Amino acid sequence: MECTHVGQAVKVGSQLIQKIRREKTTQWSCSICRSTKSPWICLRCGVISCGRYVNGHAKAHHEDNQQHSVCLDPSLSAFCYACDEFVINDTKSGDIQRVREIMLERENRKRRLQDSTSPERQKKASKANQENIGRVKYLPGLRNLGNTCFMNAVLQSLSNIQSFSCYFKDLPAFELRTDNSCGKQPYFTRSRKTDEGSVVEELRKVLCALWQGGGVTHSPDALFSVVWKVVPRFRQVTCLGYQQQDAHEFMHYLLDRVHTELLLSPKSFGTTETIITGIFGGLLHSEVKCLVCGTHSRKYDPFLDLSLEIPAEFQVRKSKTRDPQVCQLQDCLYHFISLEELAESELYICPNCKKRQKSTKKFWIKRLPNVLCLHLKRFKFQAFHRSKVDTYVQFPMKGLDMSPYCLQDQDENPKAFLFDLAAVVVHHGSGVSAGHYTTFAFHDGLWYNFNDSNVTQTEEGHVSGSKGYIFFYTRRHPNMAILDKIRK
């Protein structure tokens, strides 16, 4: 939330700065009980106290000193006890961000010192510098604003899709039109207020900050602020911060909203396509057959991603089976296009019989996107019970062949159906409203693990062994015609 107390509660003086530079965050301890669990530093006086789930001395400090309400923890999250919520804004002079940068610089200096004192590390660093001239040395993370890992995971995935991020990095400052003077009907019928801000502009700023690198954690608070102004459910809070949301739902909203805003720009006048549909847009062919008269009904539906069920036979493994069969991502794709008899509640009106009849339905992919986004339905909702399908699904890192699931033209190049993994979002935990989201993404020939503010290089085996939730596959031979048309 935007805290109204930061002006009075945040006073970053020389004494506070010296304390942060002198003491390691890993050695912070409560000034009263000396606990090292959940330490928070007061951004007015610099006293360190434990959180409410330890002995609650940080809260007691605020109660004794009403203006001492805003504090910061080692993960760089700011919290206001007066608001009883996490803080996403800053003072006019950027004092909170200044403290974060000092804390990060201290950690970076410690890392550089360790590297310089080790002969082996010096040799490796020298070789790496020669090989990586012009490359980003450290990839930035994204600060968790309090259970906003669902947003960070999606943003890091999108930032490592080159065709997507490069478009926004080259985009000039974006001003959202509110008068609909372009004569287009927005995707969202909800009225747009002038003070809501632009998701496109704030997304552009985030992507530019991630592209600049330098290892400094970026805070996506401005983007999140715009999002929750438009969709209030994203700002629901708990005692631990914002309520955990679904990464897939957030990704859907973000892409839809960006597409809508871009359509309202003068550059998109006279077209229904944007960079969103140019990269993620595909076309589904669905066919419904009446089982009484045999009439076929066909239609085409656009999509930005495909939601796949994990087949039931893979969800429960029998303990008596010595070598249980591993579920492949291709099994989920085949299940998606397989012939299905519609349930009673889904029966459609046959155009020939003029009434609802028993029928079957089948999907094919008519047109593949340049970036194929696949979402596994890992969460089940039944009445008041929510559960997670934790089945491991094996997925190809390179060369995912989509030809078996497509309506093909005889002249089409077989290589046009091949996709390589660019990023995968992973959900850790047992339920949709709990747990944690991280991302694996491919950057400059290496795999990295993006865990909020922490970014580390990882091995391909760690990626392939993860229980993926959302997959981003880039087309090996993209359709450049549609991309060039949109960029003009």
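As recorded in an unreviewed UniProt entry, the protein goes by the name Ubiquitin carboxyl-terminal hydrolase, listed as coming from Pocillopora damicornis.

### Describing the nonpolar core
Taken as a class, soluble globular proteins show a tendency for nonpolar side chains to be buried jointly. Counting residues in hydrophobic clusters, the biggest one holds 56 residues, and the most contacted among them are L158, F164, F168, V258, F280, Y437 and F472. In this view, F280 contacts L158, I161, F164, L255, F303, L304, P369, V371 and F472; residues no more than four positions away in its chain are not counted. In terms of nonpolar packing, the next biggest core, distinct from the first, is built from 36 residues, L329, I337, L400 and F417 among them.

### Here's the deal with the sheet that holds strand β8 (residues 282-290)
Two strands in a sheet stick together by hydrogen bonds in their backbones, pointing the same way (parallel) or opposite ways (antiparallel). Read across the sheet, four strands follow the order β9-β8-β13-β12 without closing on themselves; strand pairing throughout is antiparallel. Whereas interior strands pair on both sides, the edge strands pair on one side only; in this sheet they are β9 (296-303) and β12 (340-341). Bridging between β12 and strand β13 (residues 359-367) involves two bridges; their strand directions are antiparallel. Paired with E340 across the two strands is K361, which belongs to β13.

### Comments concerning helix α7 (residues 162-169)
Every α-helix carries 3.6 residues per turn, so stepping three or four residues along brings you back to the same face. Buried within α7 we find F164, S165, Y167 and F168. Take α7 and look down its axis: the buried residues cluster within an arc of 155 degrees, on one side only.

### Section: the packing of helix α6 (residues 149-159) against helix α10 (residues 247-263)
One can describe the packing of α6 onto α10 by two numbers: an axis separation of 9 Å at closest approach and a directional angle of 55 degrees. Considering the angle they form, α6 stands oblique to α10. In terms of crossing hand, the pair formed by α6 and α10 is right-handed. Residues F150, M151, V154, L155 and L158 of α6 touch α10, and the partners they reach there are A247, F250, M251, L254 and L255. Its residues assigned to classes, the contact of α6 with α10 shows ten nonpolar, no polar and no charged.

### Let's talk about the pairing of strand β21 (residues 446-451)
With five bridges joining them, strand β20 (residues 436-443) and β21 adopt antiparallel strand pairing. Residue pairing in the sheet places A441 in a bridge with Y448 of β21. Two strands pair when backbone bridges link them, and β21 and strand β22 (residues 454-458) are joined in this way by five bridges, in the antiparallel orientation. Residue Y448 lies in a different strand from β22, and its bridge partner there is Q457.

### Quick look at empty space enclosed by the protein
What the rule picks out here adds up to two cavities of 30 Å³ or more. One number sums up the size of the largest cavity: a volume of about 70 Å³. Lining the largest cavity are 13 residues, with C42, A58, H61, H68 and C71 positioned closest to its centre. Mapped onto the lining of the largest cavity, the elements with two or more residues apiece are β1 (39-42), α3 (57-64) and β3 (70-72). Classifying every residue of the lining of the largest cavity gives eight nonpolar, five polar and no charged. It is α6 that provides the largest number of residues to the lining of the second largest cavity, a total of four residues. Partitioned by chemical class, the residues of the lining of the second largest cavity number five nonpolar, three polar and one charged.

### Quick look at unusual backbone geometry
With a phi angle near 65 degrees, R34 is a residue other than glycine that sits in the positive phi range. As for its placement among the helices and strands, R34 is situated in the loop between α2 (14-22) and β1. For R34, a relative accessible area of 58% puts it in the exposed group. The phi dihedral of D452 is positive, around 55 degrees, even though this residue is not glycine. Within the secondary structure, D452 sits in the loop between β21 and β22. By relative accessible area, which is 10% here, D452 ends up buried.

### Section: the packing of helix α8 (residues 199-212) against helix α9 (residues 221-230)
Two elements in contact, α8 and α9, have axes whose closest approach is 9 Å; the angle formed by their N-to-C orientations is 160 degrees. Between α8 and α9, the angle is such that the two are roughly antiparallel. Crossing geometry of α8 relative to α9 is assigned as left-handed. Facing α8, whose interface residues are V199, E202, L203 and V206, α9 presents A222, L223 and V226.

So, how was this worked out
Residues numbered from 1 in each chain as written. Predicted model: local features only at pLDDT ≥ 70, side-chain atom pairs only at ≥ 80, totals over all residues. Heavy atoms only, no water. Core = buried A, V, L, I, M, F, W, Y, C linked by side-chain atoms within 4.5 Å. Buried < 20%, exposed > 50% of the residue type's maximum accessible area, 1.4 Å probe, protein only. Contact = heavy atoms within 4.5 Å. Pairing = 2+ DSSP bridges. Helix = DSSP H or I, 4+ residues; strand = E, 2+ residues; numbered from the N terminus. Arc of directions from axis to C-beta. Axes fitted to C-alpha atoms, helices over the stretch in contact; angles between N-to-C directions. Parallel < 35°, antiparallel > 145°, perpendicular 65-115°, else oblique. Left-handed = near helix turned anticlockwise from the far one by under 90°. Nonpolar A, V, L, I, M, F, W, Y, C, P; charged D, E, K, R; others polar. 1 Å grid on protein atoms, 1.4 Å probe; cavity = no way out; pocket = protein on both sides within 12 Å on 5 of 7 lines; lining within 4 Å. Points joined across faces, edges and corners; volume = space filled by probe spheres on them.

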